Amino acid sequence: MSKPQNWKELCDRLSDMFAMDVDLNGVLYLVGVRERGLTLRKFSKFEKWSLINLGSCVLYKEIGMVEEMGTDRDGWPMFREKSLLTNWTEERKQKTLQDCAIRYFSKVFEDNVAD
């Protein structure tokens, strides 16, 4: 499958693949589900937010903004912020996550073609 060229193309492709409307939180959720090795199923609200948080940490890790510190007692990865994301505007955080998501799923789609 070809790499997504932009944010809209990525969201449209994931929406089609998973038969759901995908926005930034949806993309982060899908990254979290994939990184935990889970399949899509009914998750509690807490689990969904945990998966979204995991997705954002995984994407920020790709650009060196956070580092993985191991896992907690439930097997969830733990991360530590390496730079001050708190000084960023919400728009900058959102754009950065979108760009990272495009790169992340480009690799996923590329790996699936190779299989």
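No experiment lies behind these values; they were computed from the predicted model shown.

Peer 1: Looking at this structure, how should I read the pairing of strand S2 (residues 77-81)?
Peer 2: Consecutive side chains of a regular strand alternate in pointing toward one face of the sheet and then the other. Pairing analysis gives 5 bridges linking strand S1 (residues 66-71) to S2, with the strands arranged antiparallel. In the strand pairing of S2, Glu-68 is matched with Phe-79. Two successive antiparallel strands, S1 and S2, enclose a turn made up of 5 residues, where Gly-75 displays a positive phi of approximately 85 degrees.

Peer 1: Would you mind going over a nonpolar patch on the surface with me for this structure?
Peer 2: Together, Met-17, Phe-18 and Leu-40 make up an exposed nonpolar region whose accessible area comes to about 250 Å². On the secondary structure map, Phe-18 appears in helix H1 (residues 7-18).

Peer 1: How should the confidence of the model for the chain be read in this particular structure?
Peer 2: Any segment with low pLDDT has predicted coordinates that should not be analysed in fine detail. Across the chain, the average pLDDT comes to 90, with 93% of residues at 70 or higher. For the chain, the element scoring lowest by mean pLDDT is helix H4 (residues 90-114), at 88; helix H2 (residues 24-36) scores highest, at 96.

Peer 1: Help me understand the nonpolar core in this model?
Peer 2: The nonpolar side chains of soluble globular proteins are, as a tendency, buried together. In terms of nonpolar packing, the biggest core is built from 30 residues, with Trp-7, Leu-10, Leu-14, Val-27, Leu-59 and Phe-105 touching the most fellow members. Those elements that place two or more of their residues in this core are H1, H2, helix H3 (45-62) and H4. Ranked by residue count, the leading element in this core is H4, at 8 residues.

Peer 1: Would you mind going over H1 with me for this structure?
Peer 2: Working note: α-helix, 3.6 residues per turn, so residues spaced by three or four point in the same direction. Given a rise of 1.5 Å per residue, 12 residues ought to cover 16 Å, and the 16 Å separating the end C-alpha atoms of H1 matches this to within 8%. Those residues of H1 that fall on the buried side of the exposure criterion are Trp-7, Leu-10, Cys-11, Arg-13, Leu-14 and Ser-15. Put simply, Asn-6 is the residue that caps the front of H1, since its side-chain oxygen is 3.2 Å from the backbone nitrogen of Lys-8. Remark: Ala-19 follows H1 within two positions and exhibits a positive phi of approximately 50 degrees.

Peer 1: Please explain H3 as it appears in this structure.
Peer 2: An ideal rise of 1.5 Å per residue puts 26 Å on 18 residues; H3 measures up with 26 Å between its terminal C-alpha atoms. Taken as a whole, H3 has its buried residues at Ser-50, Leu-51, Ile-52, Leu-54, Gly-55, Ser-56, Cys-57, Val-58, Leu-59 and Tyr-60. Phi for Gly-64, located one or two positions after H3, is positive at around 80 degrees.

Peer 1: Teacher, can you tell me more about the packing of aromatic side chains here?
Peer 2: One pair of aromatic rings is described through two measures. These are the centre distance and the angle between the planes. Tallying each qualifying case throughout the model produces 3 aromatic pairs. Their ring planes at 80 degrees and their centres at 5.1 Å tell us that Tyr-104 and Phe-105 sit as a pair that is edge-to-face. Note on Tyr-104: relative accessible area 4%, which makes it buried. The buried category is assigned to Phe-105, whose relative accessible area is 5%. Taken together, the ring pairs in this structure connect Tyr-104, Phe-105 and Phe-109 into an aromatic cluster. Lying over the aromatic face of Trp-76, Arg-36 brings its terminal NZ or CZ to 4.2 Å of the ring centre. If you follow Arg-92 out to its NZ or CZ, it ends over the ring of Trp-88, 4.0 Å from the centre.

Reading the values: rules and limits
- Residues numbered from 1 in each chain as written.
- Predicted model: local features only at pLDDT ≥ 70, side-chain atom pairs only at ≥ 80, totals over all residues.
- Heavy atoms only, no water.
- Pairing = 2+ DSSP bridges.
- Helix = DSSP H or I, 4+ residues; strand = E, 2+ residues; numbered from the N terminus.
- Patch = residues over 30% accessible without salt bridge, like charges linked within 9 Å, V, L, I, M, F, W, Y side chains within 5 Å.
- Areas by Shrake-Rupley, 256 points an atom, 1.4 Å probe, with all protein chains shown as cover.
- Salt bridge = Lys/Arg side-chain N within 4 Å of Asp/Glu carboxyl O.
- pLDDT = per-residue confidence, 0-100.
- Core = buried A, V, L, I, M, F, W, Y, C linked by side-chain atoms within 4.5 Å.
- Buried < 20%, exposed > 50% of the residue type's maximum accessible area, 1.4 Å probe, protein only.
- Expected span 1.5 Å × (residues − 1).
- Polar contact = N/O pair within 3.5 Å; in protein donor to acceptor, adjacent residues only side chain to side chain.
- Phe/Tyr/Trp six-rings, centres within 6.5 Å; stacked < 30°, edge-to-face > 60°.
- Lys NZ or Arg CZ within 6 Å of the ring centre and 35° of its normal.

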